[in-house]
Amino acid sequence: MMNVINNIAKFRGKIYLHSAIAAAVIGGLSLFILGPDKEFFQGLVLGLVFSILSFHLLSLQTLSLLRGTAGIALGGFAVRMLLYCFAFLLAVKVSYVCGAGAVLGFMTQKAAIYNVCLVLPFIAKRLPKRAPRESSVAAIPIQRRFAGVLAMLLGLRLG
């Protein structure tokens with residue numbers, strides 16, 4: 001049981017990190033499309049925060065199901081949906097642009113889940129397996145390392 005709890009905590013940490021990265025990418029792209037729009041960024045951050053809060057509640061509900069207390073899970077779904085509604089209504093009260101940012105903030109969580117669960121394992125299967133090197137980089141003289149980097153940049157193959 002402790003192993004499952006640790007795995008859920010690790011997974012949750014990965015999702016939070018990838019959600020923040022997705023929000024940063026969306027924020028960066030919006031700078032080119034909308035310019036520095038304060039209301040959009042407020043909505044994006046609001047959506048990200050409520051999305052992370054909702055995911056945290058979902059993980060707590062999962063742990064409660066594993067422990068055998070299923071009553072919390074059914075009520076938890078309604079609480080999470082009410083959180084999303086509250087955040088969206090709060091954002092739309094500011095402006096429609098803020099509401100659009102909040103919706104994109106909500107979607108960062110879903111994008112992070114797809115990235116961690118689907119995209120990264122798919123890419124990991126396609127990458128060739130590398131054999132571990134026998135010696136460390138520190139054991140290679142600096143001249144050979146420099147020559148290797150230079151050859152790599154020029155597209156040459158050293159023999």
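All of these numbers come straight from a predicted model, not from anything done at the bench.

Q: Is there a simple way to think about the nonpolar core in this case?
A: Nonpolar side chains tend toward joint burial in soluble globular proteins. Membership of the largest hydrophobic core is limited to nine residues, which are L46, F50, L83, Y84, A87, A91, C98, A102 and F106. Mapped onto this core, the elements with two or more residues apiece are α2 (38–67), α3 (71–94) and α4 (96–126). When residues in this core are grouped by element, the largest group, four residues, is from α3. Sequence-distant contacts of F106, that is, excluding residues within four places in its chain, are made with G47, F50, S51, Y84, A87 and F88.

Q: What am I meant to see in the confidence of the model for the chain here?
A: The predicted coordinates should not be examined in detail at positions where pLDDT is low. This prediction gives the chain a mean pLDDT of 75; 74% of its residues lie at or above 70. When mean pLDDT is compared element by element in the chain, α2 scores highest at 83, while helix α5 (residues 142–154) scores lowest at 55.

Q: Just to check I follow, could you spell out the packing of aromatic side chains for this structure?
A: The relation between two aromatic rings is expressed through the spacing of the ring centres and the mutual angle of the planes. Here the structure, examined in full by the defined rule, presents four aromatic pairs. On the numbers, 6.3 Å between centres and 80° between planes, the contact of Y16 with F55 is edge-to-face. On the criterion of sequence distance, the pair formed by Y16 in helix α1 (residues 2–33) and F55 in helix α2 is long-range, its members being 39 residues apart. For Y16, a relative accessible area of 22% gives the class partly exposed. Given a relative accessible area of 10%, F55 falls into the buried group. Summarising the aromatic geometry, the rings of F40 and F41 are spaced 6.0 Å apart at their centres and angled 75° between planes, so their arrangement reads as edge-to-face. On the basis of relative accessible area, F40 is assigned to the buried category, the value being 5%. The exposure class of F41 is partly exposed, given its relative accessible area of 26%.

Q: Explain the side chain of S95 here, please?
A: On the secondary structure map, S95 appears in the loop between α3 and α4. We classify S95 as buried; its relative accessible area is 15%. At a separation of 3.1 Å, a polar atom in the side chain of S95 contacts the main-chain amide nitrogen of C98.

Q: Explain the packing of α2 against α4 here, please?
A: Helix-helix packing is characterised by the crossing angle of the two axes and by the distance between the axes. Where α2 meets α4, the closest approach of the two axes is 6 Å, and the angle between their N-to-C directions is 40°. Here α4 runs oblique to α2, going by the angle between their axes. The handedness of the crossing between α2 and α4 comes out as right-handed. Residues E39, F40, Q42, G43, L44, G47, L48, F50, S51, I52 and F55 of α2 form the contact with α4, whose own contacting residues are V97, C98, A100, G101, A102, L104, G105, F106, T108, Q109 and I113.

Q: Would you mind showing me how to read α4 here?
A: Because the α-helix completes a turn every 3.6 residues, residues three or four places apart line up on one side. Counted at 1.5 Å a residue, the expected span for α4 with its 31 residues is 45 Å, and the 42 Å between its end C-alpha atoms agrees. Of all the bends found along α4, the most pronounced is centred on N115 and spans about 40°. All buried positions along α4 are accounted for by C98, G99, G101, A102, G105, F106, T108, Q109, A112 and V116. Structurally, the start of α4 carries an N-cap: the backbone nitrogen of V97 is 3.4 Å from a side-chain oxygen of S95.

Quick notes on the rules
- Residues numbered from 1 in each chain as written.
- Predicted model: local features only at pLDDT ≥ 70, side-chain atom pairs only at ≥ 80, totals over all residues.
- Heavy atoms only, no water.
- Core = buried A, V, L, I, M, F, W, Y, C linked by side-chain atoms within 4.5 Å.
- Buried < 20%, exposed > 50% of the residue type's maximum accessible area, 1.4 Å probe, protein only.
- Helix = DSSP H or I, 4+ residues; strand = E, 2+ residues; numbered from the N terminus.
- Contact = heavy atoms within 4.5 Å.
- pLDDT = per-residue confidence, 0-100.
- Phe/Tyr/Trp six-rings, centres within 6.5 Å; stacked < 30°, edge-to-face > 60°.
- Polar contact = N/O pair within 3.5 Å; in protein donor to acceptor, adjacent residues only side chain to side chain.
- Axes fitted to C-alpha atoms, helices over the stretch in contact; angles between N-to-C directions.
- Parallel < 35°, antiparallel > 145°, perpendicular 65-115°, else oblique.
- Left-handed = near helix turned anticlockwise from the far one by under 90°.
- Expected span 1.5 Å × (residues − 1).
- Bend = angle between axes of the 7 residues up to and from the residue.

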